[in-house]
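Structural characterization, general
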Amino acid sequence: MANKRILKKQIKYACGDLAAECIIAINFVDGIDVKKMQDVVFEIAALQTNTLKRVSFIYDKVVSDYESKHDYAVARSKYFKQAYTTLRNDFDQKVRDIVKSMNALLPQSQKDANKRALN
């Protein structure tokens, strides 16, 4: 990760793209349940808000808790790596769940049209 600012932008872009797909589906796909798709948009907004809150955290130990600065640096690095890995995995899983919800709301005729367009 380069820095938190870039990570936050990427989260916002990903959630914005998902929400845009939902809005496009609401406006242009016939037979879609608008209320349920709006609920998915709200779920995306909640995902963005909750993930952005989790981006900033601190390491609660200090150098004096360790035998050397090197040990502190290694432990701190391991902590942040694990924390960001967990954040990324949780975000990815939630995005997968949202995409499944979006796909489930599409009418079968639209799913068939999408499959034909791929071939």
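Residues numbered from 1 in each chain as written. Predicted model: local features only at pLDDT ≥ 70, side-chain atom pairs only at ≥ 80, totals over all residues. Heavy atoms only, no water.

What follows deals with the packing of aromatic side chains. For the coordinates displayed, the defined rule picks out eight aromatic pairs. Geometrically, the ring pair formed by Phe57 and Tyr84 is tilted, given 4.9 Å between the ring centres and 45 degrees between the ring planes. Separated by 27 residues along the polypeptide, Phe57 in the loop between helix H2 (34–55) and helix H3 (69–105) and Tyr84 in helix H3 bring together distant segments of the chain. Look at Tyr84 and you get buried, because its relative accessible area is 16%. The interplanar angle of 20 degrees and the centroid separation of 6.4 Å between the aromatic rings of Phe80 and Tyr84 together place this pair among those described as stacked. Highlighted residues: Phe80 and Tyr84, both in helix H3, separated by four residues, approximately one helical turn. Within the aromatic cluster, the residues linked to one another by ring pairs are Phe57, Tyr59, Tyr66, Tyr72, Tyr79, Phe80 and Tyr84. (Phe/Tyr/Trp six-rings, centres within 6.5 Å; stacked < 30°, edge-to-face > 60°. Helix = DSSP H or I, 4+ residues; strand = E, 2+ residues; numbered from the N terminus. Buried < 20%, exposed > 50% of the residue type's maximum accessible area, 1.4 Å probe, protein only.)

Here we take up the state of the cysteines. Inspection of the entire model under this criterion finds zero disulfides. Left unpaired, Cys22 is separated from the closest cysteine sulfur, that of Cys15, by 11 Å. (Disulfide = S-S within 2.5 Å.)

Where empty space is left can be seen by rolling a probe of water-molecule size over the atoms. In this structure, the second largest pocket occupies an estimated 200 Å³ of space. Along the walls of the second largest pocket sit Glu21, Cys22, Ile24, Ala25, Val29, Met37, Met102, Asn103, Leu106, Gln110 and Asn114, which together make up its complete lining. Listed by contribution, the elements that provide at least two residues to the lining of the second largest pocket are helix H1 (4–28), H3 and helix H4 (108–118). Looking at the lining of the second largest pocket element by element, the count peaks at four residues for H1. (1 Å grid on protein atoms, 1.4 Å probe; cavity = no way out; pocket = protein on both sides within 12 Å on 5 of 7 lines; lining within 4 Å. Points joined across faces, edges and corners; volume = space filled by probe spheres on them.)

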